[in-house]
Amino acid sequence: GDLWFGTFDQGLFRYSNGELIQYDESDSLINNNVMTIHEWNGEIWTGTLGGLSSIKLIEDSVRISSYSKEQGLEAPYIYQLYSKDNILYIATEGDGLINYDGKQLSNSTDGEIESAYDITGSEDSTLYISTKNHGIVQYENQKVKRKYPIKYKNKTILIESIDMLQEDMIIFDWEKGFGILNTND
């Protein structure tokens, strides 16, 4: 298989059969600052500081499609991509969680979350989203179910990244270290 690398300012690289191939804005990548890479529906998707791009490899050629404000993606800063149940979830700065079903982009949180940084999921359809002002947010059935504000000195902290340890436990990191959230509490 191929290895994909995202860079800051140099675009996307693919290592294939001993060859390193670069894709950047001159190849129609939406932005050269790649924050995340995710495989979904047979394509490579990149979240950048300018929007979303998908890369489809077709034999010896590459087709790059991009999504920005013109395609309905209001917030160009994309920090994380996550897929579950045939939906691509997009964590953005300024527009919260966006979902894409392969046809249409739509805001998943109706303004309840303005900035999302990371996404993880349990084995069922529950997602957990790290946020700027709400700690960790539980998302089920296409809506916000619960907010877990993580506080330090009486102030909700910015959760930078999260991952599931087990079905009811999430590990997270923030500027002063890491913590564990038990979602059953």
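Predicted, not measured: the structure shown is a model, and the values here were computed from it.

(A) Quick peek at the pattern of salt bridges. Under the counting rule described, the total for this entry stands at 4 salt bridges. Between Arg-14 and Asp-2 there is a salt bridge, with its nearest N and O atoms 3.0 Å apart. With a gap of 12 residues between them, Arg-14 in strand β2 (residues 12–16) and Asp-2 in the segment before β1 (3–6) connect regions that are remote in the sequence. Of the charged contacts in the structure, one is a salt bridge between Glu-43 and Arg-63, with a shortest N-O distance of 3.7 Å. Linking Glu-43 in strand β5 (residues 43–48) with Arg-63 in strand β7 (residues 61–67), this pair joins segments that are 20 residues apart in sequence.

(B) Up close: the environment of Tyr-82. Inspection of the secondary structure puts Tyr-82 in strand β8 (residues 78–84). Taking the C-alpha atoms as reference points, Tyr-82 and Lys-103, 21 residues apart in sequence, are found 17 Å from one another. If we ignore the near neighbours within four places in the chain, the residues touching Tyr-82 are His-38, Ile-87, Leu-88, Tyr-89, Ile-119, Thr-120, Gly-121 and Leu-127. Within the structure, the side chain of Tyr-82 is placed 3.1 Å from the backbone nitrogen of Gly-121, a separation counted as a polar contact.

(C) Seen up close, the confidence of the model for the chain. Averaged over all residues, the pLDDT of the chain is 93; the fraction at 70 or higher stands at 100%. Considering each helix and strand of the chain separately, the mean pLDDT is smallest for strand β11 (residues 105–107), with a value of 89, and largest for strand β4 (residues 34–40), with 98.

(D) Structural context of the side chain of Asp-118. Here Asp-118 lies in strand β12 (residues 116–121). It turns out Asp-118 is buried and unbridged, and the closest side chain with the opposite charge, Lys-84, is 13 Å from it. A polar side-chain atom of Asp-118 sits 3.0 Å from a polar atom in the side chain of Gln-80. When neighbours within four sequence positions are excluded, Asp-118 is seen to be in contact with Gln-80, Ala-91, Tyr-128, Ile-129, Ser-130, Glu-160, Ser-161 and Ile-162.

(E) Structural context of unusual backbone geometry. Located in the positive-phi region is Asn-17, a residue other than glycine, with phi close to 50°. Relative to the assigned elements, Asn-17 resides in the loop between β2 and β3 (19–23). Unusually for a residue other than glycine, Lys-153 sits at a positive phi of about 55°. With respect to the element layout, Lys-153 can be found in the loop between β16 (151–152) and β17 (155–156). Given a relative accessible area of 70%, Lys-153 falls into the exposed group.

Reading the values: rules and limits
Residues numbered from 1 in each chain as written. Predicted model: local features only at pLDDT ≥ 70, side-chain atom pairs only at ≥ 80, totals over all residues. Heavy atoms only, no water. Salt bridge = Lys/Arg side-chain N within 4 Å of Asp/Glu carboxyl O. Helix = DSSP H or I, 4+ residues; strand = E, 2+ residues; numbered from the N terminus. Contact = heavy atoms within 4.5 Å. Polar contact = N/O pair within 3.5 Å; in protein donor to acceptor, adjacent residues only side chain to side chain. pLDDT = per-residue confidence, 0-100. Buried < 20%, exposed > 50% of the residue type's maximum accessible area, 1.4 Å probe, protein only. Lys, Arg positive; Asp, Glu negative; His and termini not counted.

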